[in-house]
Amino acid sequence: MRSPKVSAAIDDPAGEDDATGEPAALTTVDRYYLAWREYQSELGEEPRAEQLSAYLASKKGMNGRGGKPVSPSTLRRYLLPFRVYKVWAQQRVSNETPSLDAIVQECAAHGITAQHNKPLTTDYIADQAVDFERRWQALIRHHAQSQQ
């Protein structure tokens, strides 16, 4: 007997949905990423966490607990991975397995650093790679569906 479906945490890796066999949809964090990119396209600069929170609430109708805007402290934890993913995705366009060294070098060239301005490491990128690939696939599906 199967137990009832439980709502998965937003950081869970997305696979296939057990009930339908369909690829999983965008996660909440993927939607934050899309809004982060859209903000940059519209306003020409990367949003701070407080700006992204306001943007999500006003432009996307995305709120956090209790219907209040998503907490900037929640969003802050995603800003570095979003920056790194953007570089990773640019490499992924032409290479199914982007070079970790190339990503680290590109991040350094763009001033993307870890906490306390320490350089990013290949280990950090490697730790993110599974989620980056999952996001890549989810965004491709999302883009294809939105074009239909």
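Only a predicted model underlies this, so the values are computations on that prediction, with no experimental measurement involved.

Novice: In this structure, what is going on with the packing of aromatic side chains? I would like to understand it.
Specialist: Using the criterion set out here, one finds 11 aromatic pairs in the structure. With centroids separated by 5.0 Å and ring planes inclined at 90°, the aromatic side chains of Tyr33 and Tyr85 adopt a geometry described as edge-to-face. Here the residue Tyr33 occupies a position in helix 1 (residues 28-43), and Tyr85 occupies one in helix 3 (residues 72-92), the gap between them amounting to 52 residues. When sorted by exposure, Tyr33 lands in the same class as Tyr85, which is buried. With a centroid separation of 6.1 Å and 15° between ring planes, the pair formed by Tyr78 and Phe82 is classed as stacked. Of the two residues, Tyr78 and Phe82 are both situated in helix 3; the distance of four residues between them amounts to about one turn of the helix. An identical accessibility class is assigned to Tyr78 and Phe82; each is buried. Taken together, the aromatic side chains of Tyr32, Tyr33, Trp36, Tyr78, Phe82, Tyr85, Trp88, Phe132 and Trp136 make up a single cluster linked through ring pairs. Above the plane of the ring of Tyr85 lies Arg135, whose end atom (NZ or CZ) is 5.4 Å from the centre.

Reading guide: rules and limits
- Residues numbered from 1 in each chain as written.
- Predicted model: local features only at pLDDT ≥ 70, side-chain atom pairs only at ≥ 80, totals over all residues.
- Heavy atoms only, no water.
- Phe/Tyr/Trp six-rings, centres within 6.5 Å; stacked < 30°, edge-to-face > 60°.
- Helix = DSSP H or I, 4+ residues; strand = E, 2+ residues; numbered from the N terminus.
- Buried < 20%, exposed > 50% of the residue type's maximum accessible area, 1.4 Å probe, protein only.
- Lys NZ or Arg CZ within 6 Å of the ring centre and 35° of its normal.

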